[in-house]
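Working through the structure, step by step
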Amino acid sequence: MRIVMKFGGASVKDGKNILHCANLVKKFARGNEIVVVTSAMYGVTDSLLHAAKKCCNDPSPGFIKLFIAEMTKKHYDAVNEAVKNEEIKSKVLSRIDKLLDELEKVLLGINYLGELTPRSLDYILSFGERLTAPILSASLLSTGVDSLSLEGGDAGIITDDNYGRGKPLPDTYGTIKSRIEPLLTIKKTIPVVTGFIGVTKHGTITTLGRGGSDLSATLIAAALNADEVWLWKEVDGVMTTDPKIVPEARLIPEISYQEAMELSHFGAKILHPRALEPVMKKRIPVRIKNTFNPDAEGTVIKERVSSTKDIVKALSLIEKVGVVNISGAGFDFADVMADVFKRLSEERVNVIMVSQSSSELNLSIVVDEADIDRAIKALGDLVNGISSVSKIENIAVISAVGAGMAGTPGVAGRIFSALGKSRINVIMISQSCSEFNVSFAVTQEDGKRAVKILHDEFGLARK
Ligand SMILES: Nc1ncnc2c1ncn2[C@@H]1O[C@H](COP(=O)(O)OP(=O)(O)O)[C@@H](O)[C@H]1O
Ligand SMILES: N[C@@H](CC(=O)OP(=O)(O)O)C(=O)O
């Protein structure tokens, strides 16, 4: 089989875990062609983000020295635990030194300029994965498995220049195939590719959005016509909801592409929202597996799944969003819609959910908290009968997902009466004709409680 295996940040959080991942790859390497994709060590992308912002807003060369020392220690410790062969170890340590030297120079540049563009932020964030891939590859080598590490651009992942949310270009499938296939078929090695990052046509580093390593894996799988994608995570698979919110959440053994896409679009951190696009067309199954419980079956995401009696299959929660409200009297709805979405797209605002009152007096749009002020600015001077553009902050969106909801009467009624009984106020509601999903907004304060109530209402907990 040809398998693309991706290890998330929690799976490679230290040297011991990296060695464990290398041993897992080794176990499946016999008789299979494997491409490995890795995320940054847990917490590193967040630390890079924090460091970049600090250098821009509150410059201090002392901070940079300290930060680089911490990053050096973290990655050196990982090498010492994950790589047992001295020669391989010394090669990977010198690679790490070079990368950290480069990172220090970039941070000093931000410090002096006091300017952090989306392009330079992507460059800084790329260091997490660029530091981890050589360590995992060296760990494989030191366990006796031939391997080499590649950065996203070397692996052929080409995106547009939408820094922070790079969109893979159609050409990328051809470039990935031409770069990686010979490594599998001729060189018979295991490439370890940095997740999360790509390059523009001009060679500038981009990122695919937070959590984007899942997308790197599925892009590579689609380009190589892989048999399966295995996403190794710290959970047993897709559960009925985030087990961090409801510890009794139950494993879902099979879920359709469409259901999984709805869940990830509406915040389930188990999967990057765009990760399934590349593999759906080719019907490549995606398995979610637990790095720390590798013998468990996990979840298979595929086109057709056996039917279950569950009406609602899973619940997701997105926190840290806000609502933009556009109100007016007698506006021409089609014109206003066209204008609103054009402006939001130009500002690259991520639209999560939309709802419209039937009297055509109100349009409500849920956007990321980070995008809300840009959205208000972009829409501030709307004309054509608009009387106000306002925002509601500290919102959470909950989504109930399941193919069984289609054609089953009374699902929405059960959702809203259960919430009503617990005195949770619903701010906005949306359901499309696919009937796979009912989504609604509540205050951030009520978000987790609403998920727990609905998890009970639909009997989703482990029996
Ligand atoms: N429905 C869900 N099922 C399973 N995990 C979920 C779900 N929703 C959110 N999560 C969260 O997604 C995370 C996925 O595991 P993680 O190892 O962090 O993935 P990765 O590092 O690949 O992004 C878990 O920590 C879990 O809390
Ligand atoms: N390291 C990146 C990309 C990624 O996919 O990470 P993870 O697999 O740990 O979600 C991030 O933190 O966003």
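Residues numbered from 1 in each chain as written. Chains lettered and ligands numbered in written order. Predicted model: local features only at pLDDT ≥ 70, side-chain atom pairs only at ≥ 80, totals over all residues. Heavy atoms only, no water.

The name recorded for the chain in an unreviewed UniProt entry is Aspartokinase, from Geoglobus acetivorans. Within the UniProt record for the chain, the comment given under Catalytic activity (unreviewed entry) is "L-aspartate + ATP = 4-phospho-L-aspartate + ADP". Its UniProt record gives the chain the following Sequence similarities (unreviewed entry) comment, quoted word for word: "Belongs to the aspartokinase family." (UniProt positions renumbered as here; feature names shortened; annotations may be inferred.)

Right, let's get into the pattern of salt bridges. Using the criterion set out here, one finds 30 salt bridges in the structure. When the shortest N-O distance is used, the salt bridge between Arg-165 and Asp-368 registers 3.8 Å. With a gap of 203 residues between them, Arg-165 in the loop between β3 (147-150) and α6 (172-185) and Asp-368 in strand β13 (residues 362-368) connect regions that are remote in the sequence. Taking the shortest distance from any N to any O, the salt bridge between Lys-448 and Glu-319 comes out at 3.3 Å. In this pair, Lys-448 is assigned in helix α13 (residues 444-457) and Glu-319 in strand β11 (residues 314-328), connecting sequence segments 129 residues apart. Assessed through its relative accessible area of 37%, Lys-448 is described here as partly exposed. Residues joined by salt bridges that share partners form a network here, namely Arg-2, Glu-33, Lys-177 and Glu-181. (Salt bridge = Lys/Arg side-chain N within 4 Å of Asp/Glu carboxyl O. Helix = DSSP H or I, 4+ residues; strand = E, 2+ residues; numbered from the N terminus. Buried < 20%, exposed > 50% of the residue type's maximum accessible area, 1.4 Å probe, protein only.)

With that out of the way, let us pick up the sheet that holds strand β16 (residues 437-443). Spatially, the six strands line up as an open sheet ordered β12-β13-β11-β14-β16-β15, and their pairing is antiparallel. Looking at strand neighbours, the two that pair on one side only are β12 (351-356) and β15 (428-431), the edges of this open sheet. Pairwise comparison of adjacent strand axes, ignoring direction, gives a mean angle of 30° for this sheet. With seven bridges joining them, β11 and β13 adopt antiparallel strand pairing. Across the sheet, the residue bridging to Ser-327 is Asn-362, located in β13. Across the sheet, helix α12 (residues 411-421) is in contact with β14 (386-401), β15 and β16; its angle to β16 comes to roughly 20°. (Pairing = 2+ DSSP bridges. Axes fitted to C-alpha atoms, helices over the stretch in contact; angles between N-to-C directions. Contact = heavy atoms within 4.5 Å.)

This part takes up the site of ligand 2. For ligand 2, the full set of nearby residues is Lys-6, Gly-8, Gly-9, Ser-39, Thr-45, Glu-129, Phe-196, Arg-210, Gly-211, Gly-212 and Ser-213. One of the side-chain nitrogen or oxygen atoms of Ser-39 is found 2.6 Å away from an oxygen atom of ligand 2. Between ligand 2 and Ser-213, the relevant distance is 3.0 Å, taken from an oxygen atom to a main-chain nitrogen or oxygen of the residue. Calculation on ligand 2 without its partners gives an accessible area of 340 Å², and the protein chains cover 79% of this total. For the shell around ligand 2, a count of residues per class yields one nonpolar, seven polar and three charged. (Near = heavy atom within 4 Å. Polar contact = N/O pair within 3.5 Å; in protein donor to acceptor, adjacent residues only side chain to side chain. Areas by Shrake-Rupley, 256 points an atom, 1.4 Å probe, with all protein chains shown as cover. Nonpolar A, V, L, I, M, F, W, Y, C, P; charged D, E, K, R; others polar.)

In terms of nonpolar packing, the biggest core is built from 57 residues, with Met-5, Phe-7, Leu-48, Phe-67 and Leu-103 touching the most fellow members. Within the second largest apolar cluster, 41 residues are counted, among which are Val-35, Leu-150, Leu-271 and Val-401. (Core = buried A, V, L, I, M, F, W, Y, C linked by side-chain atoms within 4.5 Å.)

Near ligand 1 lie 17 residues; those nearest to it are Lys-6, Glu-234, Met-239, Asp-242 and Lys-244. At 3.0 Å, a side-chain N or O of Lys-233 approaches an oxygen atom of ligand 1. At 2.6 Å, a side-chain N or O of Asp-242 approaches an oxygen atom of ligand 1. In isolation ligand 1 has 560 Å² of accessible area, and contact with the protein removes 89% of it.

Segmentation of the chain into domains returns domain 1 (2-234) and domain 2 (314-457). On a C-alpha basis, the centres of domain 1 and domain 2 stand 35 Å from each other. (Domains from an automatic or database assignment.)

With that settled, the discussion passes to the pairing of β14. Relative to β14, β11 runs antiparallel, the two being bridged by 12 bridges. Bridge pairing links Ala-314 to Val-401 in β14. Bridge count for β14 against β16 is seven bridges, and the pairing is antiparallel. Within the sheet, the bridge partner assigned to Ile-395 lies in β16 and is Thr-443.

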